[in-house]
Amino acid sequence: MSNAAASHRQHADHTTPLVRNAWYVAALSHEIERNLLPRTLLETRVVFFRKKDGSISALHDRCPHRSFPLSKSQLQDDTIVCGYHGITYDGTGRCLHVPSAPNAGGNIKIRNFAVVERAPLVWIWMGDAEQADPALIPDFSFLSAPTWKTVSGSFHMHSNYVAMHENLLDQTHFTFLHAGSVGTPEWATSPLEVSQNGDTVSLRRELKKSLPPGIYAVPMKLEGRMVDRLSEASFFGPAGHLALAKITVSEPIANEREEFRVNILHVFTPETQNTLHYWWFNSRDFGLDDEEASKFLYEASHAAYVEDVDALGWISDIVTTESEDYREFSFRSDRPGLMMRQVLSRLAAQEQAPATAVAAE
Amino acid sequence: MSNAAASHRQHADHTTPLVRNAWYVAALSHEIERNLLPRTLLETRVVFFRKKDGSISALHDRCPHRSFPLSKSQLQDDTIVCGYHGITYDGTGRCLHVPSAPNAGGNIKIRNFAVVERAPLVWIWMGDAEQADPALIPDFSFLSAPTWKTVSGSFHMHSNYVAMHENLLDQTHFTFLHAGSVGTPEWATSPLEVSQNGDTVSLRRELKKSLPPGIYAVPMKLEGRMVDRLSEASFFGPAGHLALAKITVSEPIANEREEFRVNILHVFTPETQNTLHYWWFNSRDFGLDDEEASKFLYEASHAAYVEDVDALGWISDIVTTESEDYREFSFRSDRPGLMMRQVLSRLAAQEQAPATAVAAE
Amino acid sequence: MSNAAASHRQHADHTTPLVRNAWYVAALSHEIERNLLPRTLLETRVVFFRKKDGSISALHDRCPHRSFPLSKSQLQDDTIVCGYHGITYDGTGRCLHVPSAPNAGGNIKIRNFAVVERAPLVWIWMGDAEQADPALIPDFSFLSAPTWKTVSGSFHMHSNYVAMHENLLDQTHFTFLHAGSVGTPEWATSPLEVSQNGDTVSLRRELKKSLPPGIYAVPMKLEGRMVDRLSEASFFGPAGHLALAKITVSEPIANEREEFRVNILHVFTPETQNTLHYWWFNSRDFGLDDEEASKFLYEASHAAYVEDVDALGWISDIVTTESEDYREFSFRSDRPGLMMRQVLSRLAAQEQAPATAVAAE
Ligand code: FES
Ligand code: FES
Ligand code: FES
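In this text, all values refer to a predicted model and were calculated from it rather than measured experimentally.

Side note on the relation of the copies chain B and chain A
(1) Moving on: Structural alignment of chain B on chain A gives an RMSD of 0.0 Å, achieved by rotating through 120 degrees and translating 0.0 Å along the axis. Such a combination of rotation and displacement between the chain copies is what one expects of a three-fold axis. The C-alpha atom lying nearest the rotation axis in chain B is that of T321(B); the distance is 11 Å.

Shown next as structure tokens:
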């Protein structure tokens, strides 16, 4: 048991500056078309649009002339013409034309953000542009692979991202917050392996010969059959969490499918310190055309995530408004969350370091 | 005439820290049953529930594990099972069980608050637990005595409690804010005795042979009859105000009731610095079964208190938002209010003292 | 091109203290009648009423006794009787009567504000009373002259007044924000003379032999006729902006009207740092009884001003909430706006100066 409150410098919480040097999901591919989409990410207003060649531009949503929102402006070909005085910018934020001063504007530049599309996800780098290496974007190609079928949903949440990550790295809440729907008693008590690899914190759990919970049994049509379960879940960075589950029929019957896989991806991006854009994806490698299964998985997932979204909203309301003395307690089962909070704390401190140095002069 | 603005250190106002070392009304008895009631008192979230033995528990409404609201959790027998990870607490806030760490939790304790029920009132002590002496709770047993009949109501108000106390200690506003309904000209000009006894500030007023105002005349059926009136009202501490009125028929008729008593209790508890939970009670020792009288007294009281609630809300809006220079003026008639404000200022300063000492090091 | 961000001390922006030593429009004449009108101006609550002799009183809307809003009180003859304890004030704010202390009150005085009515405008001076010289009020007598016909409207805006002044001193946005409705291409490119005279910043533009825009052509019935245009627009102080336009038929026909004048007055008064009371007036010296023309001018003006109001609201939202690093760029066409911002910056600094000096002691 550790006292995290006394060590909030080591363990990130809702007051820790948001990590900017990371790839975050900005939007879904279909949200960005041939018009101007405003979205606030990491407390910065961004405007998105898709260029004629299909690539995506992301600029600070504020004209450097008189602060007019570019998202309320006109998209003309691959340029934005500011709705106030008509200054024209290309997709990199470079000023192309100042109507009232045709020879000026050469040194005006709107901040642009590196964007990489890996459909259905559009990733953005809001931090130091020099470090924006697309090789750092995790591979979630199963989301668009023909051998997988995905159902998905999204929420606008009231929560800091640390609490959301902690929720996802914690399986002890299944029995209580999601009473009965997700966990099973055997699963909750099966041994959990926790590991850390660089900034990645992972959980591994295995359970042989047990009855699968409804969320697996129904779409896999394995009700009443014993299965072996393996799940690997990980905090892969500030932007999200991925869980890979493998279900194997314990005593297979000839000509019957033996192995089933489900990948659950949670990606979420702080809008502000205490609000989140959140997208979830439930992908399976079986019953690809089974619309019944898709409907079931969507509804069961949505119902469970609503419970998390509500709970995190209530917690956010408390932690952001209460001034009462408060001491947070943690248990061994919180270790994955605390490891993640150390990672986020360290990453945030690294980014704040230079500013601090300047302030100390 | 004094300049209270220049002496706000001596005279509490809406910026003075709330006094915590006092018994306040937390709720009415019937509000606390076999479920979890959240209520913010003195800027602290509290959760209440009634135990099987009928006693009441009050805990800080925040699980010390991950800040989940206990009021959104489950009441099981006399324990609260946190809705997030199932940690179980008894009615004193002691941790009984941590599902994910069965041998841990021994040193976890949620802050609990002393509660004393004197039906229909439930009292709470939010300050230093060592000083929570039930003997300090004032005796309002008339509220439940069979020889008295009470009508009552409540408001959620936008006001600091100092302004509410000052309103109650002031009778010069009757003629204006409650034009005609409560006061009479003779009453307003009858001599007022002001006294202070420790932290209690009291008003005493007597008026012989005058026509009673409607609020007395109608339920007592004394319209047109001359009466002698005596009223004793007092600020009995941060939690409220009690007024005791005795009306005596000046020239009694044989076999007719001569003396009538009305007790008016105002109890109110800061929710925040500028909002209040307010309950009022109008108790009489006559016409106990007279439903007409009860209806009349409820409606007349409610109508007058709405005027106070509105006025204090407007004042709160001004004092909390205006930055304009402002100097408050007071008159002799404000002396009871200023005496009360000195009491609250001194009580607040005593509680702040240790913290100030630390800050000054 | 200059970097205004680096020089915000010289160029007022939404963070610059509001100039108080100026005549501002408080209300329209018809708004102030025989009742109590509350209005917040320059972050100060003011209550207005018209006295029996037709003159107007303006007082701080806060009783110095216990902060009750005078605007929720009673107007009796030419006095305000506070709704809380009945203290009576005359139209200058002098205390006439304290019901609970008949011999007191002599030294109580509510702050009053100099008001001058020049129908349909009511002007107020919120600053240093000694400097409130009515001779400083600009002459807009055309608003009530029988030889002019005026249409007008008003808005409650979300904007600092600096951005509003800058909008009005800038004609380069016509083509974009008001695409097609107000400007014409020839007008936009005709030479602009900028001049400064004391605190007044003026624009002068002339264009010979061009087709008039609809907003002139329609009401003047000059569609398809060539005209000579002359416009003089000026920032006449913190309170507003006046534009005088003269349209002359280039090749007049005998017995036909040759010259047409339109005066456009914009007056606006900060309610707070980022909200404005705004009134506009469009006055013409032709077609005085032409209701069709009035309707057309009202609707066309309103449509254009809605675009400005919306744009300035979006900009206000950005500048007041974004913390992202931001550098403002300006062009030659912004010179009138920057000159005005220098004036406002200097006026504000002069007013702040004594306070700063005291603080520095
Ligand atoms: S604000 Fe964008 S061009 Fe002027
Ligand atoms: S937050 Fe209450 S048990 Fe975890
Ligand atoms: S507050 Fe105005 S008279 Fe008391």
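A look at the sheet that holds strand β6 (residues 79-81) of chain C
Residue and element names in this part refer to chain C.
(1) Moving on: Across the sheet, 4 strands lie side by side as β5-β6-β7-β8; this open sheet has antiparallel pairing. On the outer flanks of this sheet lie β5 (74-76) and β8 (95-97), each paired with one strand and no other.
(2) Moving on: Summarising the sheet, strand β7 (residues 88-89) and β8 pair through 2 bridges and their orientation is antiparallel. The residue bridging Y89 from the neighbouring strand is C95, located in β8.

Here's the deal with the environment of M220(B)
Residues and elements named next belong to chain B.
(1) Moving on: Structurally, M220 can be placed in helix α4 (residues 214-220).
(2) Moving on: On the basis of relative accessible area, M220 is assigned to the buried category, the value being 5%.
(3) Moving on: Counting along the chain gives 69 residues from M220 to D289, while the straight-line C-alpha distance between them is 13 Å.
(4) Moving on: For M220, the residues in contact, after removing those within four places along its chain, are I247, F260, V262 and F286.

As for the domain arrangement of chain A
All names here are of chain A.
(1) Moving on: Splitting chain A by domain gives domain 1 (30-126) and domain 2 (142-349).
(2) Moving on: The centre of domain 1, based on its C-alpha atoms, is set 35 Å off from the matching centre of domain 2.
(3) Moving on: Taken together, the contacts link 10 residues of domain 1 with 14 residues of domain 2.
(4) Moving on: In total, about 850 Å² of surface goes out of reach between domain 1 and domain 2, with carbon and sulfur atoms giving 71% of it.
(5) Moving on: The interface formed by domain 1 and domain 2 holds 0 salt bridges in total.
(6) Moving on: Linking domain 1 to domain 2 there are 4 residue pairs in polar contact (both at pLDDT 80 or more).
(7) Moving on: For the side of domain 1 that touches domain 2, the leading source of residues is strand β2 (residues 37-41), giving 3 residues.
(8) Moving on: Residue composition of the side of domain 1 that touches domain 2, by class: 6 nonpolar, 1 polar and 3 charged.

What to know about the sheet that holds strand β11 (residues 149-157) of chain C
All names here are of chain C.
(1) Moving on: Taken in spatial order, the 7 strands make up an open sheet running β11-β17-β16-β15-β14-β13-β12, and their pairing is antiparallel. Pairing within the sheet leaves two strands with one partner each, and these edge strands are β11 and β12 (192-197). Recorded for the sheet is a direction-independent mean angle of 15 degrees between the axes of neighbouring strands.
(2) Moving on: With 10 bridges connecting them, strand β16 (residues 259-272) and strand β17 (residues 275-284) associate as antiparallel partners. Looking at the pairing, T269 lines up with H277 of β17.
(3) Moving on: On top of the sheet, helix α1 (residues 161-168) reaches β11, β14 (227-237), β15 (240-249), β16 and β17; it is set at about 165 degrees to β16, its chief contact.
(4) Moving on: Along the sheet, helix α5 (residues 291-321) contacts β11, β16 and β17; its crossing angle with β11, the most-contacted strand, is approximately 20 degrees.

Remarks on α1(C)
Residue and element names in this part refer to chain C.
(1) Moving on: With 7 of its 8 residues buried, α1 lies for the most part within the structure.
(2) Moving on: Those residues of α1 that fall on the buried side of the exposure criterion are Y161, V162, M164, H165, E166, N167 and L168.
(3) Moving on: One side-chain oxygen at the N-terminal end of α1 lies 2.7 Å from the backbone nitrogen of V162; it belongs to N160.

What to know about the side chain of S234(A)
Residues and elements named next belong to chain A.
(1) Moving on: With respect to the helices and strands, S234 occurs in strand β14 (residues 227-237).
(2) Moving on: Given a relative accessible area of 15%, S234 falls into the buried group.
(3) Moving on: Those residues in contact with S234 that lie beyond four places of it in its chain are T200, V201, S202, G240, H241 and L242.

Description of the interface of chain C and chain B
(1) Moving on: With 30 residues of chain C at the contact, the number on the chain B side is 29 residues.
(2) Moving on: Between chain C and chain B the total buried area reaches about 2,600 Å² when both faces are included, carbon and sulfur atoms providing 57% of it.
(3) Moving on: Measuring nitrogen to oxygen at the nearest pair gives 3.9 Å for the salt bridge that ties R66(C) to D334(B).
(4) Moving on: On inspection of chain C and its partner chain B, the count reaches 17 residue pairs in polar contact (both at pLDDT 80 or more).
(5) Moving on: The class makeup of the residues in the side of chain C that touches chain B is 13 nonpolar, 10 polar and 7 charged.

Quick notes on the packing of aromatic side chains
Geometry of an aromatic ring pair is reported as the spacing of the ring centres plus the angle between the planes.
(1) Moving on: In the structure shown here, the tally under the stated rule is 39 aromatic pairs over all chains.
(2) Moving on: Pairing F140(B) with F142(B) gives two aromatic rings, centres 6.2 Å apart and planes at 65 degrees, and the pair type is edge-to-face.
(3) Moving on: An angle of 80 degrees between the planes, with centres 5.2 Å apart, marks the rings of F260(C) and F286(C) as edge-to-face. Here F260(C) is found in strand β16, whereas its partner F286(C) is found in the loop between β17 and α5, with 26 residues between them in sequence.
(4) Moving on: Residue classification places F286(C) among the buried residues on the basis of a relative accessible area of 4%.
(5) Moving on: An aromatic cluster of at least three residues, connected via ring pairs, comprises F155(A), F268(A), Y278(A), W280(A), Y298(A) and Y305(A).
(6) Moving on: For the cation-ring pair, R257(A) lies above F260(A), with the distance from its terminal atom to the ring centre recorded as 5.3 Å.
(7) Moving on: In this structure, R62(B) is placed above the aromatic ring of Y326(A), and the distance from its NZ or CZ to the ring centre is 3.5 Å.

Observations regarding unusual backbone geometry
Working note: non-glycine residues mostly have negative phi, and peptide bonds are mostly trans.
All names here are of chain B.
(1) Moving on: In this structure, the amide linkage connecting A119 to the following residue, P120, adopts the cis form with an omega of 5 degrees.
(2) Moving on: The topology assignment puts P120 in the loop between β9 (114-118) and β10 (121-125).
(3) Moving on: For K221, which is not glycine, the phi torsion reads 55 degrees and is therefore positive.
(4) Moving on: Take K221: it is sitting in the loop between α4 and β14 (227-237).

Thoughts on the interface of chain B and chain A
(1) Moving on: Contacts between the two partners involve 30 residues from chain B and, on the opposite side, 29 residues from chain A.
(2) Moving on: When the two sides are added together, the surface that chain B and chain A hide from each other amounts to roughly 2,600 Å², 57% of it contributed by carbon and sulfur.
(3) Moving on: The interface formed by chain B and chain A holds 5 salt bridges in total.
(4) Moving on: Between R62(B) and E322(A) there is a salt bridge, with its nearest N and O atoms 3.4 Å apart.
(5) Moving on: One can count 17 residue pairs in polar contact (both at pLDDT 80 or more) joining chain B with chain A.
(6) Moving on: Residues that form the side of chain B that touches chain A fall into these classes: 13 nonpolar, 10 polar and 7 charged.

Thresholds applied
- Residues numbered from 1 in each chain as written.
- Chains lettered and ligands numbered in written order.
- Predicted model: local features only at pLDDT ≥ 70, side-chain atom pairs only at ≥ 80, totals over all residues.
- Heavy atoms only, no water.
- Least-squares fit on C-alpha atoms with pLDDT ≥ 70 in both.
- Pairing = 2+ DSSP bridges.
- Helix = DSSP H or I, 4+ residues; strand = E, 2+ residues; numbered from the N terminus.
- Buried < 20%, exposed > 50% of the residue type's maximum accessible area, 1.4 Å probe, protein only.
- Contact = heavy atoms within 4.5 Å.
- Domains from an automatic or database assignment.
- Buried area = accessible area lost by both parts, 1.4 Å probe.
- Salt bridge = Lys/Arg side-chain N within 4 Å of Asp/Glu carboxyl O.
- Polar contact = N/O pair within 3.5 Å; in protein donor to acceptor, adjacent residues only side chain to side chain.
- Nonpolar A, V, L, I, M, F, W, Y, C, P; charged D, E, K, R; others polar.
- Axes fitted to C-alpha atoms, helices over the stretch in contact; angles between N-to-C directions.
- Phe/Tyr/Trp six-rings, centres within 6.5 Å; stacked < 30°, edge-to-face > 60°.
- Lys NZ or Arg CZ within 6 Å of the ring centre and 35° of its normal.

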